[in-house]
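# What the coordinates show
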Amino acid sequence: MSPLESHSPAVIPLLLTSSVVAHDIAVKLKDTEARLHHVLESITQWLRINPRQPIVLCDGSNFDFRPIVQDAYPDAQIESLFFENDQQKVREFGRGYGEGEIVKYATQHSKLIQQAGCFAKCTSKLWVENFEACKKHWNGQLLLSGVFLNVFSPLQPTALQQIDTRFYFVSLSMYERYFMNAHLTMDSRAGHGLEDSFFDTLVRENISHCLLPTPPVISGVGGGTGAYYRNTFKRTLKERLRLYLVRHDRKFARLFSA
């Protein structure tokens, strides 16, 4: 796939994927009130980063955020959607399956996403401190973050192992064509998660110029661990160095957006 010319729409809706009621029994953060608190914390942080950011909040546990959002953020542009995930399959395949269902539902029902023709996706208890810097790289198609192994090892080759599905940018047409049913290829018993399914699609379809050249600084609480991320200066610097080295490796240069 060849790169498109730079395309920077004035507005890219942000899709926050939520499940206030935890259907995946493997997650550490199960308390409904705590999960609700962290979703609202995330929204507050996103509006701090950009007070005019349009947000699509889609919950897969049938939780209606509308009255809470209208009361807490009366001046914000927030579209609230909700439906019920397939609980049995989420329990069987994990939260990645539920997330796939949520994103699919949002693309089919969100007016903001359909009008814009693209969206940025982030897990609802997280936010990206350098979102505006990442958005400047938008190419009109797809921007992902890769998980690379052995970058600092002189004895083993660097390898792209997975795609980080916590946060990405994608056009609606690109998502519908390549990723809408990625969660259906998960196999939790074989350790094959949503991150692996996205990676498989990238390789199978020979998609290039799609990796973010700037490492997202992701903050917030991981639903799986129930703990806040620790973005120390040392860790942030290490991630920037890791990405610099990978971008300058000829094996991976074609994968990165300009």
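Scroll up a little and you will see the structure.
First things first, this report covers the structure right here in the doc. (Residues numbered from 1 in each chain as written. Predicted model: local features only at pLDDT ≥ 70, side-chain atom pairs only at ≥ 80, totals over all residues. Heavy atoms only, no water.)

## Some thoughts on the environment of Arg52
Looking at the element boundaries, Arg52 is found in the loop between helix H1 (32-49) and strand S2 (55-59). On the basis of relative accessible area, Arg52 is assigned to the exposed category, the value being 75%. Spatially, the C-alpha atom of Arg52 lies 29 Å from that of Gly226, the residues being 174 residues apart in sequence. (Helix = DSSP H or I, 4+ residues; strand = E, 2+ residues; numbered from the N terminus. Buried < 20%, exposed > 50% of the residue type's maximum accessible area, 1.4 Å probe, protein only.)

## Brief notes about the pattern of salt bridges
Enumeration according to the criterion identifies seven salt bridges in this entry. The salt bridge involving Lys135 is made with Glu132; its shortest N-O contact spans 3.3 Å. Here Lys135 and its partner Glu132 are both found in helix H6 (residues 131-135), three residues apart, which amounts to about one turn of the helix. Assessed through its relative accessible area of 15%, Lys135 is described here as buried. Salt-bridge contacts for Glu205 lead to Arg204; the nearest nitrogen and oxygen are separated by 3.4 Å. The partly exposed category is assigned to Glu205, whose relative accessible area is 32%. Judged by relative accessible area, Arg204 falls into the exposed class, the value being 55%. (Salt bridge = Lys/Arg side-chain N within 4 Å of Asp/Glu carboxyl O.)

## Observations regarding the sheet that holds strand S1 (residues 14-18)
Sheets are built from strands that pair by backbone hydrogen bonding, the pairs being arranged parallel or antiparallel. Spatially, six strands are ordered S3-S2-S1-S4-S7-S6 in an open sheet, and the strand pairing comes out mixed. In the strand order of this sheet, the two ends are held by strand S3 (78-82) and strand S6 (142-149), each with one partner. Taking each pair of neighbouring strands and ignoring which way they run, the sheet shows an average axis angle of 30°. Bridge count for S1 against S2 is five bridges, and the pairing is parallel. Each residue of the ladder has a partner; that of Thr17, found in S2, is Cys58. Across the sheet, helix H8 (residues 194-204) touches S6 and strand S7 (159-171), and the angle it forms with S7 is around 90°. (Pairing = 2+ DSSP bridges. Axes fitted to C-alpha atoms, helices over the stretch in contact; angles between N-to-C directions. Contact = heavy atoms within 4.5 Å.)

## Notes on the side chain of Lys125
With respect to the helices, strands and loops of the structure, Lys125 is situated in the loop between strand S4 (118-123) and strand S5 (126-128). With no salt bridge to any partner, buried Lys125 finds its closest opposite charge in Asp59, at an N-O distance of 8.2 Å. (Lys, Arg positive; Asp, Glu negative; His and termini not counted.)

## Here's the deal with the packing of aromatic side chains
Per the stated rule, a full pass over the model turns up 14 aromatic pairs. When the ring of Phe63 is compared with that of Phe65, the centres are 4.9 Å apart and the planes differ by 70°; the resulting orientation is edge-to-face. What makes Phe63 partly exposed here is its relative accessible area of 23%. On the basis of an interplanar angle of 70° and a centroid distance of 5.2 Å, the ring pair of Phe167 and Phe169 is categorised as edge-to-face. Pair check on accessibility: Phe167 and Phe169 agree, each one buried. Site record: aromatic cluster; members linked through ring pairs are Trp46, Phe131, Trp138, Phe167 and Phe169. (Phe/Tyr/Trp six-rings, centres within 6.5 Å; stacked < 30°, edge-to-face > 60°.)

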